[in-house]
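Descriptive analysis of the structure
Here is what each chain is made of, one letter per residue.
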Amino acid sequence: MVGVHRGSCHCGGVRFTVRSDPVERTTCDCSLCVKRNAVMVKVPEAALSIDAGEDLLATYQWNSRRAQHHFCRHCGIYVFHRKRAAPDHFGVNLFCLDEFDGEALPLRATEGVGMTLVCDDPRAEWPGPRVAGD
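Before going into details, it helps to say that this report is about the structure given with it. (Residues numbered from 1 in each chain as written. Predicted model: local features only at pLDDT ≥ 70, side-chain atom pairs only at ≥ 80, totals over all residues. Heavy atoms only, no water.)

Examining the overall build of the protein
Each helix and strand counted, the protein has one helix and ten strands in total. In sequence order, the secondary structure elements of the protein are arranged as β-β-β-α-β-β-β-β-β-β-β. Residues classed as buried in the protein amount to 44% of the 134 residues present. Long-range pairs, those at least 24 residues apart, make up 50% of the contacts in the protein with a sequence separation of at least 6. Total accessible area on the protein is roughly 7700 Å²; 51% of this is exposed by carbon and sulfur atoms. (Helix = DSSP H or I, 4+ residues; strand = E, 2+ residues; numbered from the N terminus. Buried < 20%, exposed > 50% of the residue type's maximum accessible area, 1.4 Å probe, protein only. Contact = heavy atoms within 4.5 Å. Areas by Shrake-Rupley, 256 points an atom, 1.4 Å probe, with all protein chains shown as cover.)

And the structure:
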């Protein structure tokens, strides 16, 4: 039986359900994840449903614009993102899952710092190989 895990942003305006049992926690060393101190669980696209507050979601995209980072426009909390390397999956903010104890899950560091920068004018603080116009 697949677990059902409910989650929300800080203000409760964005509420969602994950119908999947995460198998690991992940961190990422890209400049965005480092600054937001993200710890995530990976879930298939079909396993995440937005129950309330879809209109409150704001989206941040940068670099290749493939990844879509969603946060509550009211309280500012990052809730989940569509993954660049696995666009059929979401990375869900572990700390937004209500009453979910992820401490027992193994923690895996993922490498994002070396992902290719494909924008025409990458900022100097964005690490990674530069490829313009790709």
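That covers the picture; the talk isn't over yet.
What about the nonpolar core?
One finds Phe16, Val18, Leu48, Val79, Phe80, Val92 and Leu97 to be the most contacted residues of the largest nonpolar core, which totals 19 residues. Of all the elements in the fold, those that place two or more residues in this core are strand E2 (15-19), strand E4 (40-44), strand E8 (78-82) and strand E9 (89-93). (Core = buried A, V, L, I, M, F, W, Y, C linked by side-chain atoms within 4.5 Å.)

Description of unusual backbone geometry
A positive phi angle, close to 55°, is found at asparagine 37, a residue other than glycine. Residue position: asparagine 37 is located in the loop between helix H1 (31-36) and E4.

Observations regarding the side chain of threonine 17
Within the secondary structure layout, threonine 17 lies in strand E2. With relative accessibility at 0%, the residue threonine 17 sits in the buried group. Of note is the side chain of threonine 17, whose polar atom sits 2.5 Å from the side chain of aspartate 51. Sequence-distant contacts of threonine 17, defined by excluding residues within four places in its chain, comprise Val4, His5, Arg6, Ala47, Leu48, Ser49 and Asp51. (Polar contact = N/O pair within 3.5 Å; in protein donor to acceptor, adjacent residues only side chain to side chain.)

A closer look at the packing of aromatic side chains
If you walk through the whole model with that rule in mind, you get two aromatic pairs. Ring centres 5.6 Å apart and planes at 75° place the aromatic pair phenylalanine 16 and phenylalanine 80 in the edge-to-face group. Taken together, the residues phenylalanine 16 in strand E2 and phenylalanine 80 in strand E8 connect sequence positions 64 residues apart. Taken as a pair, phenylalanine 16 and phenylalanine 80 share a single burial class, namely buried. Here phenylalanine 80 and phenylalanine 90 contribute two aromatic rings whose centre-to-centre distance is 5.5 Å and whose plane-to-plane angle is 80°, an arrangement assigned as edge-to-face. (Phe/Tyr/Trp six-rings, centres within 6.5 Å; stacked < 30°, edge-to-face > 60°.)

Quick word on the sheet that holds strand E1 (residues 4-8)
Here we have three strands laid out as an open sheet, ordered E1-E2-E5, and antiparallel in their pairing. Each having just a single partner strand, E1 and strand E5 (48-52) make up the two edges of the open sheet. The mean angle between the axes of side-by-side strands here comes to 25°, regardless of whether they run parallel or antiparallel. Alignment of E1 against E2, held across five bridges, turns out to be antiparallel. Paired with glycine 7 across the bridge in E2 is phenylalanine 16. (Pairing = 2+ DSSP bridges. Axes fitted to C-alpha atoms, helices over the stretch in contact; angles between N-to-C directions.)

Brief notes about the pattern of salt bridges
Counting across every chain of the model gives three salt bridges. Between arginine 25 and glutamate 103 there is a salt bridge, with its nearest N and O atoms 3.8 Å apart. With arginine 25 in strand E3 (residues 25-28) and glutamate 103 in the loop between E9 and strand E10 (107-110), this residue pair connects regions lying 78 residues apart in the sequence. We note a salt bridge from arginine 82 to glutamate 45, for which the minimum N-O separation is 2.9 Å. With arginine 82 in strand E8 and glutamate 45 in the loop between E4 and E5, this pair connects stretches of sequence that are 37 residues apart. Judged by its relative accessible area of 37%, glutamate 45 is partly exposed. (Salt bridge = Lys/Arg side-chain N within 4 Å of Asp/Glu carboxyl O.)

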